[in-house]
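Understanding the architecture of this molecule
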Number of protein chains: 2
Amino acid sequence: MNGAESLVHTLIACGITTVFANPGTSEMHFVAALDRIPGIDCVLCLDETVASGAADAFWRTTGRPAATLLHCGPGLANALANLHNARRGRSGIVNIVGDQATYHRPLDAPLTADTEGWARSVSGFLRTATSAATVGRDAADAIAAARTGTIATLILPADTAWTEGGIPGTPRPVPNRPVPSPATITDIATLLRTGEPAMLLLGGRTLTDHGLRLAHAITATTGATLLAEVFNAKMERGQGRPPIERIPYPIDAAIAALTGIRHLILVEAKPPVGFFAYPGKPGALTPPDCTIHTLAALDQDGTAALAALAATLDAPEPAIPVTPRPTPDRGAPDLGTPDRAPIAPEAVATSLAALLPHDAIIIDEGISFGRGFSRFTHGAAPHTWMQVPGGAIGGGLPMAVGAAVAATGSGRRVVSIQADGSAMYSIAALWTAARRNLDLTIIILANRKYAILLHEYAGVGANPGRTAMDMLDLGNPNLDFVKLAAGMGINAAQATSMPALNTLLASSFDHKGPFLIELLTG
Amino acid sequence: MNGAESLVHTLIACGITTVFANPGTSEMHFVAALDRIPGIDCVLCLDETVASGAADAFWRTTGRPAATLLHCGPGLANALANLHNARRGRSGIVNIVGDQATYHRPLDAPLTADTEGWARSVSGFLRTATSAATVGRDAADAIAAARTGTIATLILPADTAWTEGGIPGTPRPVPNRPVPSPATITDIATLLRTGEPAMLLLGGRTLTDHGLRLAHAITATTGATLLAEVFNAKMERGQGRPPIERIPYPIDAAIAALTGIRHLILVEAKPPVGFFAYPGKPGALTPPDCTIHTLAALDQDGTAALAALAATLDAPEPAIPVTPRPTPDRGAPDLGTPDRAPIAPEAVATSLAALLPHDAIIIDEGISFGRGFSRFTHGAAPHTWMQVPGGAIGGGLPMAVGAAVAATGSGRRVVSIQADGSAMYSIAALWTAARRNLDLTIIILANRKYAILLHEYAGVGANPGRTAMDMLDLGNPNLDFVKLAAGMGINAAQATSMPALNTLLASSFDHKGPFLIELLTG
């Protein structure tokens, strides 16, 4: 048994079922071992940004880490943006990166790069294997780390893969997450009983039906308010589930949402700050006289903390308001291109809420057009909503692939709400969706500009001239996502009206396999 | 004048004409300054891998650095693979990366990342601006560094851009590259006069008509042999120019090419090593009894060294053998899909040599199918050939865009020799080619597999099973590059025979603007 084979045996023994792969020469012995030893589903991705984003969403969908298989150096580099997103979302990934053989690295061959240096800041666990005999143990350590919700990077020099003498590693137990001390619960309960203006800020793994019921019980009893972080890895939403709004993205709205709060209570959340700094505006979103308290730290079990707090407060489970499921929005009359009416975000969100199948998974990289969809979709069938927690552009399509791979066979449909500009950072994801015939509906929100940046540019206080528009407009030529999809084997159609969108959405939800809708919004 | 405006004034004063841009919110004041102050051509790229690869080729084409404009953190990360290639090719780039405002960074907003850490290993110059007053000076320093042929990364926190008090920097002189000492020249001349088996290994900037004539003069006089490095940033080739072959890529052929050499003389080249290690094979390509000498180090003027050596040896300029320009290869009879004859690499190279316009620029990411093109193209019209020196996949299409932007108005056509698998790492480059109507012919060599990896897999000693083929084959579904090109506004056609290829090549060379040919080779 060589090192690579011991690695595969370890992956299987420790419950890893799926590898999102983009291999190169230095990983060939690992590929061969995956071929020889059955038990791992290997999903080819056409670049590493797809592989890393897919692994992130696999964790969010299943609660289990997938592995990546990345090429040395620059291969890892291409994965960093989506690993950044995964780090911010506290996803677990077993991030396996090939590398030059240990004795070859000092020769500085052309592909040799600072693999460890690039991996360090995104990895909660980072190790470079040193021998075939210890690769199995290294992998078991990495998997144990990943299962706690972190990126565990294992760098695999080629000779540690091909040398004989591999020993499979054994699974490690995954410790339960710590719970806050009874004193913390008591202190927060006392605080909430004072009636001073307080808000619970939820993040992490608390945004489940159970967690939200507890939070609603607490706020109904104490008069505190409730928000979720601006970007969240995973939210359980829809009919029958307790609704929650998020901190708005635009800086002024975000500050307004927290105005008057004297006590902010964090539950697996961070103190809220502006996504960016703006001249003359504060960085922290909390008012100056607001005190920040921590009910559950990022690594603690916030749901257990909410349960303990609700019990201490003797808070009864409140009635959950029922938002009726809307009917599809037919929009303004379609006047035909080019004089057709612009399509409103509210209309798209309403139709989505009306038509969404039960237990769907929404992957939201809707950027500016999609930003307000949340408010109009509480009445949809129960569903899971995943955002891009790190804000690195290009996460959406890879995540959609990873969620759909994870959901294969479950009957759950994945719906990708995807802005056009950001889609182009990882468009090759479509090919993997086609190859795997994933149950995935992609809605490209095509406004043919970087609308978020035009808005920010307006904030700078100037009208954009030709040079600025050269950098902010996506027209000339227009992207044609129907053709791009066809080029990668995906059925697709364009919609320029709400009725057309409604028909395409419903049809795509009724059929197996992937479908892309290019919605011209402008 | 704010910091961003001082930066733009500095860029212009120091001769920067072109910015390859993919901006985000933290760069809006820089975008606004570029808009207000005329003088910089801003080229929008749909992701950062395109921007960085384009800037690399701009340097290689013009000898002048372009600037990038990259978004903070993950934006830089997406650029690293092509910055790696640029570093290995010793290209000069002014790599401008936005970042969180200095006072906002400690708040750890979601997009905050280890920008400096990621940039360090690819940058010969790295600085984070600290105030608007010093951004201009920082930029002048960065440009001076880039002009020596290195990546100069300037990180621009948003507040250093928007704050008033900017002061434009002044251009710095660029020092001449050092020349080797007279003693070095004398020693190498003495060595060569012994007649022991010796080889000149050329790299860096020596692969020009002038440098190659000098090298041929030396080898004709001394009996030494001559090779270029395996991957080179820029080679002047074609009719009337002295031919040179490269060290082969496959490990066995590479070792064979250096067998028997007792003295290897480096001229802006590195001691040759295997691209990867292989079990039981040496890492260094030179025989054990070969001594390595340095005529010109990587940072020295190798052409001046060759001139001094030729003069010392009193070597007359040799006659350059004339390779006749071939006629287009018509290949085997086209039997029609799917029974058509496979297309041979030699045939494609021969047709390219026959039809190539004068002074074309070839961007070579032909990987396995294109690897042997060099030998069949010495008879082409004079041209420049650029490879991917760092071996990071996905350099080709971005480089083609950058070279074509740099060549705009010169009448030079850029020809991209592009493998299908690697094209998908940076396919969004096509859109910029369409927007700028670049004079660019892209030949996609579509074998619909990762052929290089199948070859390497065979070296592992096994036939690939289903799982391995899942990771090495690009079929199911086939990529359709004609549709992908159309989706980004590029005219394109498929060729399945040599006559069809010949017609499309000739036609594309006769017309302005970009054209893509998908050549089905298998």
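Residues numbered from 1 in each chain as written. Chains lettered and ligands numbered in written order. Predicted model: local features only at pLDDT ≥ 70, side-chain atom pairs only at ≥ 80, totals over all residues. Heavy atoms only, no water.

Quick notes on the overall build of chain A
For the record, the criterion: Secondary structure elements follow DSSP: runs of H or I of four or more residues count as helices, runs of E of two or more count as strands, with numbering from the N terminus. Only C-alpha atoms enter the radius of gyration, while the globule expectation follows 2.2 Å times N to the 0.38, with N the number of residues. Accessibility here uses a 1.4 Å probe with only protein chains present; expressed as a share of the type maximum, an area under 20% marks a residue as buried, one over 50% as exposed, and anything in between as partly exposed. In what follows, residue pairs with any heavy atoms lying within 4.5 Å of each other are defined as contacts. For the purpose of charge, His is not counted, nor are the chain termini; Lys and Arg are scored as positive and Asp and Glu as negative. Where a charge sits is defined by one atom per residue type, namely NZ (Lys), CZ (Arg), CG (Asp) or CD (Glu).
Along chain A, the regular secondary structure elements total 20 helices and 17 strands. For chain A, whose C-alpha radius of gyration is 24 Å, the value lies close to the compact-globule estimate of 24 Å for 522 residues. For chain A, the spread of C-alpha atoms along the principal axes amounts to about 65 × 65 × 45 Å. Counting across all 522 residues of chain A, residues that qualify as buried make up 63%. Nonlocal contacts in chain A, meaning residues at least 24 apart in sequence, comprise 82% of its contacts between residues at least 6 apart. The averaged location of the 43 negative side-chain charges in chain A is 3 Å from the averaged location of its 37 positive side-chain charges.

Focus on the sheet that holds strand S3 (residues 66–70) of chain A
Strand-to-strand pairing in sheets goes through backbone hydrogen bonds, with the strands running parallel or antiparallel. All names here are of chain A. The test is simple: By definition, two strands form a pair when at least two bridges between them are found by DSSP. Fitted lines through C-alpha atoms serve as axes, helices being fitted only where they are in contact, and the angles separating the N-to-C directions of these axes extend from 0 to 180 degrees.
Pairing is parallel across the open sheet formed by six strands, whose spatial order is S2-S1-S3-S4-S6-S5. Either end of the sheet is taken by a strand with one partner, and the two such strands are strand S2 (41–44) and strand S5 (125–128). Each strand axis lies, on average, 20 degrees off the axis of its neighbour in the sheet, ignoring direction. Of the pairings in the sheet, the one linking S3 to strand S4 (residues 93–99) comprises five bridges and is parallel in character. Looking across to S4, one finds that Thr68 is bridged to Asn95. Sitting on the sheet, helix H3 (residues 48–62) is in contact with strand S1 (18–22), S3 and S4, with an inclination near 170 degrees to S3.

Examining the relation of the copies chain A and chain B
We count it as follows: To line up the copies, we fit them by least squares on C-alpha atoms, keeping just the residues with pLDDT of at least 70 in both.
The two copies are related by a screw operation: chain A maps onto chain B through 180 degrees of rotation and 0.0 Å of translation along the axis, at an RMSD of 0.0 Å. Given the turn and translation reported, the copies of this chain are related as if by a two-fold rotation axis. Taking C-alpha positions as reference, the residue of chain A nearest the rotation axis is Leu484 of chain A, located at 2.4 Å.

A closer look at the interface of chain A and chain B
Here is the rule we go by: Buried area: the accessible surface (1.4 Å probe) lost by two parts on joining, summed over both. Here, a salt bridge means any side-chain nitrogen of Lys or Arg that lies within 4 Å of a carboxyl oxygen of Asp or Glu. Polar contact criterion, stated in full: a pair of N or O atoms within 3.5 Å, where within protein one must be able to donate a hydrogen and the other to accept it, and residues adjacent in sequence count only if both atoms are side-chain atoms. Residues are grouped as follows: Ala, Val, Leu, Ile, Met, Phe, Trp, Tyr, Cys and Pro are nonpolar; Asp, Glu, Lys and Arg are charged; all remaining types, including Gly, are polar.
With 94 residues of chain A at the contact, the number on the chain B side is 94 residues. When the buried surface of chain A facing chain B is broken down by residue, Pro110, Phe276 and Met471 of chain A rank first, second and third, together holding 9% of it. Taken together, the links from chain A to chain B amount to four salt bridges. A salt bridge links Arg88 of chain A to Asp108 of chain B, with the nearest nitrogen and oxygen atoms 2.8 Å apart. Summed over the shared surface of chain A and chain B, the number is 41 residue pairs in polar contact (both at pLDDT 80 or more). Every element with two or more residues in the side of chain A that touches chain B is listed here: S1, helix H2 (28–36), S2, helix H4 (74–88), helix H16 (429–435), helix H17 (451–460), helix H18 (466–472) and helix H19 (481–487) of chain A. For the side of chain A that touches chain B, the element with the highest residue contribution is H4 of chain A, accounting for eight residues. Taken together, the residues that form the side of chain A that touches chain B break down as 55 nonpolar, 24 polar and 15 charged.

Here's the deal with the UniProt feature "domain: Thiamine pyrophosphate enzyme TPP-binding" (unreviewed entry) in chain A
Rules: UniProt positions are given in the numbering used here, feature names are shortened, and annotations may be inferred rather than shown by experiment.
Within the UniProt annotation, "domain: Thiamine pyrophosphate enzyme TPP-binding" (unreviewed entry) is assigned to residues 375–518 of chain A. Secondary structure content for residues 375–518 of chain A is 41% helix and 18% strand, while the C-alpha to C-alpha distance between its ends is 23 Å.

Focus: the packing of aromatic side chains
Residues and elements named next belong to chain B. Rules: Any two rings among Phe, Tyr and Trp, with Trp reduced to its six-membered ring, count as a pair given centres within 6.5 Å; such a pair is stacked if its planes are under 30 degrees apart, edge-to-face if over 60, and tilted if neither.
As enumerated under the stated definition, the model contains 12 aromatic pairs over all chains in all. Both rings, one in Phe20 and one in Phe58, keep their centres 6.1 Å apart while their planes meet at 70 degrees; by these two values the pair is edge-to-face. Of this pair, Phe20 sits in strand S1 (residues 18–22) while Phe58 is found in helix H3 (residues 48–62), placing the two residues 38 residues apart along the sequence. Among the residues examined, Phe20 registers a relative accessible area of 0% and is labelled buried. Taking relative accessible area as the criterion, Phe58 reaches 3% and is therefore assigned buried. Centroid distance Phe275 to Phe276: 5.4 Å. Interplanar angle 70 degrees. Geometry classified as edge-to-face.

A short note on the domain arrangement of chain A
Residue and element names in this part refer to chain A. In plain terms, the rule: Marked domain ranges trace back to an automatic or database domain assignment.
The assigned domain composition of chain A is domain 1 (3–162), domain 2 (182–313) and domain 3 (345–520). One C-alpha centre belongs to domain 2, the other to domain 3, and the line joining them spans 29 Å. Contact with domain 2, which involves 19 residues of that partner, is made by 20 residues of domain 3. At the boundary of domain 2 with domain 3, total buried surface from both sides reaches about 1800 Å², with 46% on carbon and sulfur atoms. Considering only the surface of domain 2 that becomes buried against domain 3, Arg237, Gln239 and Arg246 emerge as the three largest contributors, covering 33% of it.

Structural notes on the UniProt feature "domain: Thiamine pyrophosphate enzyme N-terminal TPP-binding" (unreviewed entry) in chain A
Taken from the UniProt record, the annotation "domain: Thiamine pyrophosphate enzyme N-terminal TPP-binding" (unreviewed entry) applies to residues 1–106 of chain A. Segment residues 1–106 of chain A splits into 47% helix and 20% strand. End C-alpha atoms: 27 Å apart.

Focus on the side chain of Asn82 of chain B
Residue and element names in this part refer to chain B. By the secondary structure assignment, Asn82 is in helix H4 (residues 74–89). A relative accessible area of 2% means that Asn82 is categorised as buried. In terms of polar contacts, Asn82 uses its side chain to reach the backbone carbonyl oxygen of Thr49, at 2.8 Å. Among the polar contacts listed, one links the side chain of Asn82 to the side chain of Asn85, at a separation of 3.1 Å. Once you skip the residues sitting within four places of it in the chain, Asn82 turns out to touch Thr49, Ser52, Gly53, Asp56, Gly394, Gly395 and Pro398.

What about the pattern of salt bridges?
Residue and element names in this part refer to chain B. Here the structure, examined in full by the defined rule, presents 43 salt bridges over all chains. The salt bridge partner of Glu268 is Arg177, with a shortest N-O separation of 3.2 Å. Here Glu268, found in the loop between strand S10 (263–267) and strand S11 (291–296), pairs with Arg177, found in the loop between helix H7 (158–162) and helix H8 (182–193); they are 91 residues apart in sequence, far enough to count as distant. What makes Arg177 partly exposed here is its relative accessible area of 22%.

Describing the pairing of S1 of chain B
Residues and elements named next belong to chain B. Inclusion rule: A right-handed crossover is one whose linking path, passing over the helix from the first strand to the second, runs clockwise when the strands point away from the viewer.
Taken across its five residues, S1 has five buried, putting it largely inside the fold. The pairing of S1 with strand S2 (residues 41–44) spans four bridges and is parallel. Considered in S2, the bridge of Val19 is made with Cys42. Where the polypeptide runs from S1 across helix H2 (residues 28–36) and back to S2, its parallel neighbour, the crossover connection is right-handed.

Quick look at H8 of chain B
What counts, and what does not: To estimate the expected span of a helix, count its residues, drop one, and scale the result by 1.5 Å.
Its 12 residues place the ends of H8 of chain B 17 Å apart at the C-alpha level, agreeing with the 16 Å of an ideal helix rising 1.5 Å per residue. Buried positions along H8 of chain B lie against strand S7 (198–202), helix H9 (209–222), S10, S11 and helix H11 (302–312) of chain B.

A word on the nonpolar core
Applied cut-off: The criterion is simple. A nonpolar core is a set of buried Ala, Val, Leu, Ile, Met, Phe, Trp, Tyr and Cys residues joined through side-chain atoms within 4.5 Å.
Counting residues in hydrophobic clusters, the biggest one holds 233 residues, and the most contacted among them are Phe20 of chain A together with Phe20 of chain B. Beyond its immediate sequence surroundings of up to four residues, Phe20 of chain B is in contact with Val43, Cys45, Ala51, Ala54, Ala55, Phe58, Ala66, Ala67, Thr68, Leu69, Gly402 and Val405 of chain B.

Examining the sheet that holds strand S16 (residues 491–495) of chain A
All names here are of chain A. The strand order across the open sheet built from seven strands is S9-S13-S12-S14-S15-S17-S16, with neighbouring strands paired in mixed fashion. Each of the sheet's edge strands pairs with one partner strand only, and the pair in question is strand S9 (235–237) and S16. On average, adjacent strands in this sheet sit at an angle of 20 degrees to one another, irrespective of strand direction. Taken together, the three bridges between S9 and strand S13 (residues 383–386) define a ladder with antiparallel strand orientation. Paired with Arg237 across the bridge in S13 is His383. Most of the contacts of helix H14 (residues 396–406) go to strand S14 (residues 414–419), to which it runs at about 175 degrees, and overall it touches strand S12 (360–365), S13, S14 and strand S15 (440–446).

A look at the environment of Glu229 of chain A
Residues and elements named next belong to chain A. Examined against the element boundaries, Glu229 turns out to sit in the loop between strand S8 (225–228) and S9. Residue Glu229 is classed as buried on the basis of its relative accessible area, which comes to 15%. Each C-alpha atom, one on Glu229 and one on Gly166, is 45 Å from the other, the two residues being 63 residues apart in sequence. Contact partners of Glu229, with chain neighbours within four places excluded, come to Leu201, Leu202, Gly203, Gly204, Arg246, Ile247, Glu268, Ala269 and Lys270.

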